[in-house]
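Inside the fold
Residue-level listing of the chains:
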Amino acid sequence: MFEPIERVPGDAILGLIQQFKDDPNPQKVDLGVGVYRDEDGVTPIMGAVKAAEKQLIDDEATKAYIGSHGDPQYGEHVLKMVFGAESAVLADKRASATQAPGGTGALRLAADFIASQLPGKSIWLSDPTWPNHLGVFSAAGLEIQRYPYVDAQNRLDFDGMLAALENIPKGDVVVLHACCHNPTGFDLSADQWQTVLKVLKDRELLPLVDFAYQGFGNGIDEDAYGPRLLAENLDEVLITQSCSKNFGIYRERTGCFIAVARDTEQMENVRSQLAITARENYSNPPAHGSAIVATIFNSDALYQQWHDELKTMRTRINDLRKKFVAGLEPHGLADRFAYVAEQRGMFSYTGLTEDQVKTLRDEHSIYMVGSGRANVAGLNDANMEYVCNAIASVVK
Ligand code: LMR
């Protein structure tokens, strides 16, 4: 029975983890998968997370199921983080939170929800986007369409994006990245979000906002500008949220699918469907990550510690962006790569071609995604010059 089954190549991003591990070169540099790294190249457990875990060992009283919507406390905290504690959306009880196994699990919930409850609607993804968006949405049977996001000079193509949005059939779903666009690092300005809002409203499109990097761009509230604007001004908005990056709990699979509806009644209807979707997928989400997040939010001291640690990570990445551009100055390449300092979040769309990325990997043991996406957090003072020299050698 298994004879016709073909072997397929593994996931391009996750595959880099193994390739990097297998590379014996002591100078190797990992700019691949999107996990934060500190100055020593380590993905640390945040101090607030460790402290919360210690507390949980003593306080956790049961391992019974937490229900298809997950831990209600976690849901409440996430809603406040995403919308702001004073949000009218929350006061009006228009938003429902369904805890999910990571941001990817939340995307799959969203995809299954759209496929079953909004049949016939296509889903529009930025070009480029996180490659697994294509995998998750097509696995749910959705028809995928693209809108442009980056131009030939490797700049945000807002005019192209807008022109495409203006022609999307009424009722289709548009995926937007709230901040720290993956893979490009190019984010929309406040004015651009306002323009997008107008088009979504005029054309009656349903936004699905992927919010995987809150706090990694400019700050918790600053990064939430887009999703807050849309939720306050549109009847219906879908949001997929992740705590993988901002709490550094990647492997604990801690995310949330948020549905904003016109009123409480419709929100409860949608929510009832989501419980079934979750049940049919994995029944209940895992509990450890959400317990960590809730414990941190329940303690002023732990919250402050987490907030400070997140700021340290964000500041380090933004400093590395500037150092990278400065490091290319002696090669006469600072202008060419100036956009790296403007981009936000973990990733930079470097503009390097697939061949250049391959040469960097084969000849210099520098690993990044084939599209030219580099994880800026993989840079540090020790490898910066090495990476800049290597990039200069492949570009020239
Ligand atoms: C990434 O884009 O590298 C991260 O979101 C990890 C992943 O699952 O691909």
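In this text the structure is predicted, and so the values were computed from the model without any measurement.

This paragraph deals with the overall build of the protein. Per the secondary structure count, the protein includes 16 helices and 11 strands. For a compact globule of 396 residues, the expected C-alpha radius of gyration is about 21 Å, and the protein comes in at 21 Å, within 12% of that figure. Seen along its three principal axes, the alpha-carbon backbone of the protein occupies a region of about 60 × 55 × 55 Å. When each of the 396 residues of the protein is scored for burial, the buried share is 56%.

Note that His133 resides in helix H6 (residues 131–139). Here His133 falls in the buried class, since its relative accessible area comes to 0%. Sequence spacing of His133 and Ile144 is 11 residues, and the spatial spacing of their C-alpha atoms is 9.6 Å. The contacts of His133, once residues within four sequence positions are left out, are Leu107, Leu125, Val175, His177 and Asp210. Here Thr129 takes part through its side chain, which lies 2.7 Å from a polar atom of the side chain of His133.

Taken together, Ile13, Val33, Gly34, Trp130, Asn182, Tyr213, Lys245, Phe347 and Arg373 form the complete shell of residues around the ligand. In the model, an oxygen atom of the ligand is placed 3.0 Å from a nitrogen or oxygen of the Trp130 side chain. Within the side chain of Lys245, an N or O atom sits 3.1 Å from an oxygen atom of the ligand. When isolated, the ligand has an accessible area of 260 Å², and the protein chains bury 81% of it.

Enumeration over the complete set of coordinates arrives at 12 salt bridges. Between Glu39 and Arg316 there is a salt bridge; the shortest N-O distance is 3.5 Å. Linking Glu39 in the loop between strand E1 (29–30) and helix H2 (47–59) with Arg316 in helix H13 (residues 300–328), this pair joins segments that are 277 residues apart in sequence. The partly exposed category is assigned to Glu39, whose relative accessible area is 34%.

Right, let's talk about the packing of aromatic side chains for a bit. A complete count under the given rule lists 13 aromatic pairs for this structure. Grouped by ring-pair contacts, the aromatic residues Tyr36, Tyr213, Phe216 and Phe347 constitute a single cluster. Its guanidinium or amino end placed over the ring of Phe20, Lys28 lies 4.7 Å from that ring's centre, counting from NZ or CZ. The ring centre of Phe347 lies 3.6 Å from the NZ or CZ of Arg373, which sits over that ring.

Before going further, it helps to spend a moment on a nonpolar patch on the surface. Together, Met1, Phe2 and Ile5 line one region of the surface with nonpolar side chains, adding up to about 480 Å² of accessible area. By relative accessible area, Met1 is classed as exposed at 87%.

Another point: the packing of helix H5 (residues 102–117) against helix H11 (residues 264–281). When two helices pack together, their arrangement is given by the angle between the helix axes and the distance between those axes. The geometry of H5 relative to H11 is characterised by a closest axis approach of 10 Å and an angle of 115° between their N-to-C directions. Crossing angle aside, the handedness with which H5 passes H11 is right-handed. Here H5 contributes Arg108, Leu109, Asp112, Phe113 and Gln117 to the contact with H11, which in turn contributes Val270, Gln273, Leu274, Thr277, Ala278 and Asn281. Class assignment for the residues of the contact of H5 with H11 results in five nonpolar, four polar and two charged.

Attention now moves to H5. Along its 16 residues, H5 runs 22 Å from first to last C-alpha, staying within 8% of the 22 Å computed at 1.5 Å per residue. The complete set of buried residues in H5 reads Gly102, Gly103, Gly105, Ala106, Leu107, Leu109, Ala110, Ala111, Asp112, Phe113 and Ile114.

In terms of nonpolar packing, the biggest core is built from 133 residues, with Phe83, Ile258, Trp306, Phe324 and Phe337 touching the most fellow members. Once residues within four sequence positions are removed from consideration, Ile258 is found in contact with Val78, Leu79, Val82, Phe83, Ala95, Ser96, Val237, Leu238 and Ile239.

Right, let's talk about the side chain of Asp157 for a bit. Here Asp157 is to be found in the loop between strand E4 (144–148) and helix H7 (158–165). Despite its burial, Asp157 remains without a salt bridge, the nearest opposite charge being carried by Arg155 at 7.8 Å. Polar side-chain contacts of Asp157 include one of 2.9 Å to the backbone nitrogen of Gly160. If we ignore the near neighbours within four places in the chain, the residues touching Asp157 are Pro148, Tyr149, Val150 and Asp151.

Of all eight residues that make up H7, six are buried, and the element is covered over most of its length. Along H7, the residues classified as buried are Phe158, Gly160, Met161, Leu162, Ala164 and Leu165.

Another aspect to go through is the pairing of strand E7 (residues 237–242). Here E7 lies mainly inside the structure; six of its six residues are buried. With burial as the criterion, each face of E7 is covered, one bearing Val237, Ile239 and Gln241 and the other bearing Leu238, Thr240 and Ser242. Sheet topology note: the E7/strand E8 (residues 255–260) ladder contains six bridges and is antiparallel. Its bridge partner being in E8, Ser242 is matched across the sheet by Gly255.

Turning next to the domain arrangement of the protein. Its domain assignment divides the protein into domain 1 (12–45 + 301–395) and domain 2 (65–298). Averaged C-alpha coordinates put domain 1 and domain 2 at centres separated by 26 Å. On the side of domain 2, 29 residues touch domain 1, which itself brings 25 residues to the contact. When domain 1 packs against domain 2, the two sides together hide about 2,200 Å² of surface, and 66% of this comes from carbon and sulfur. Counting every contact that joins domain 1 to domain 2 gives 13 residue pairs in polar contact (both at pLDDT 80 or more).

Our next topic: the sheet that holds strand E2 (residues 95–100). Spatially, E2-E8-E7-E6-E5-E3-E4 is the arrangement adopted by the seven strands of the open sheet, whose pairing is mixed. The open sheet has two free edges, formed respectively by E2 and E4, since each of these has just one partner strand. In this sheet, neighbouring strand axes are inclined to one another by 25° on average, regardless of whether the strands run parallel or antiparallel. With five bridges connecting them, strand E5 (residues 173–177) and strand E6 (residues 206–211) associate as parallel partners. Across the sheet, the residue bridging to Val174 is Pro207, located in E6. Lying over the sheet, helix H3 (residues 72–83) contacts E2, E6, E7 and E8, oriented at roughly 70° with respect to E8.

Thresholds, definitions, all that
Residues numbered from 1 in each chain as written. Predicted model: local features only at pLDDT ≥ 70, side-chain atom pairs only at ≥ 80, totals over all residues. Heavy atoms only, no water. Helix = DSSP H or I, 4+ residues; strand = E, 2+ residues; numbered from the N terminus. Rg over C-alpha atoms; globule rule 2.2 N^0.38 Å. Buried < 20%, exposed > 50% of the residue type's maximum accessible area, 1.4 Å probe, protein only. Contact = heavy atoms within 4.5 Å. Polar contact = N/O pair within 3.5 Å; in protein donor to acceptor, adjacent residues only side chain to side chain. Near = heavy atom within 4 Å. Areas by Shrake-Rupley, 256 points an atom, 1.4 Å probe, with all protein chains shown as cover. Salt bridge = Lys/Arg side-chain N within 4 Å of Asp/Glu carboxyl O. Phe/Tyr/Trp six-rings, centres within 6.5 Å; stacked < 30°, edge-to-face > 60°. Lys NZ or Arg CZ within 6 Å of the ring centre and 35° of its normal. Patch = residues over 30% accessible without salt bridge, like charges linked within 9 Å, V, L, I, M, F, W, Y side chains within 5 Å. Axes fitted to C-alpha atoms, helices over the stretch in contact; angles between N-to-C directions. Left-handed = near helix turned anticlockwise from the far one by under 90°. Nonpolar A, V, L, I, M, F, W, Y, C, P; charged D, E, K, R; others polar. Expected span 1.5 Å × (residues − 1). Core = buried A, V, L, I, M, F, W, Y, C linked by side-chain atoms within 4.5 Å. Lys, Arg positive; Asp, Glu negative; His and termini not counted. Pairing = 2+ DSSP bridges. Domains from an automatic or database assignment. Buried area = accessible area lost by both parts, 1.4 Å probe.

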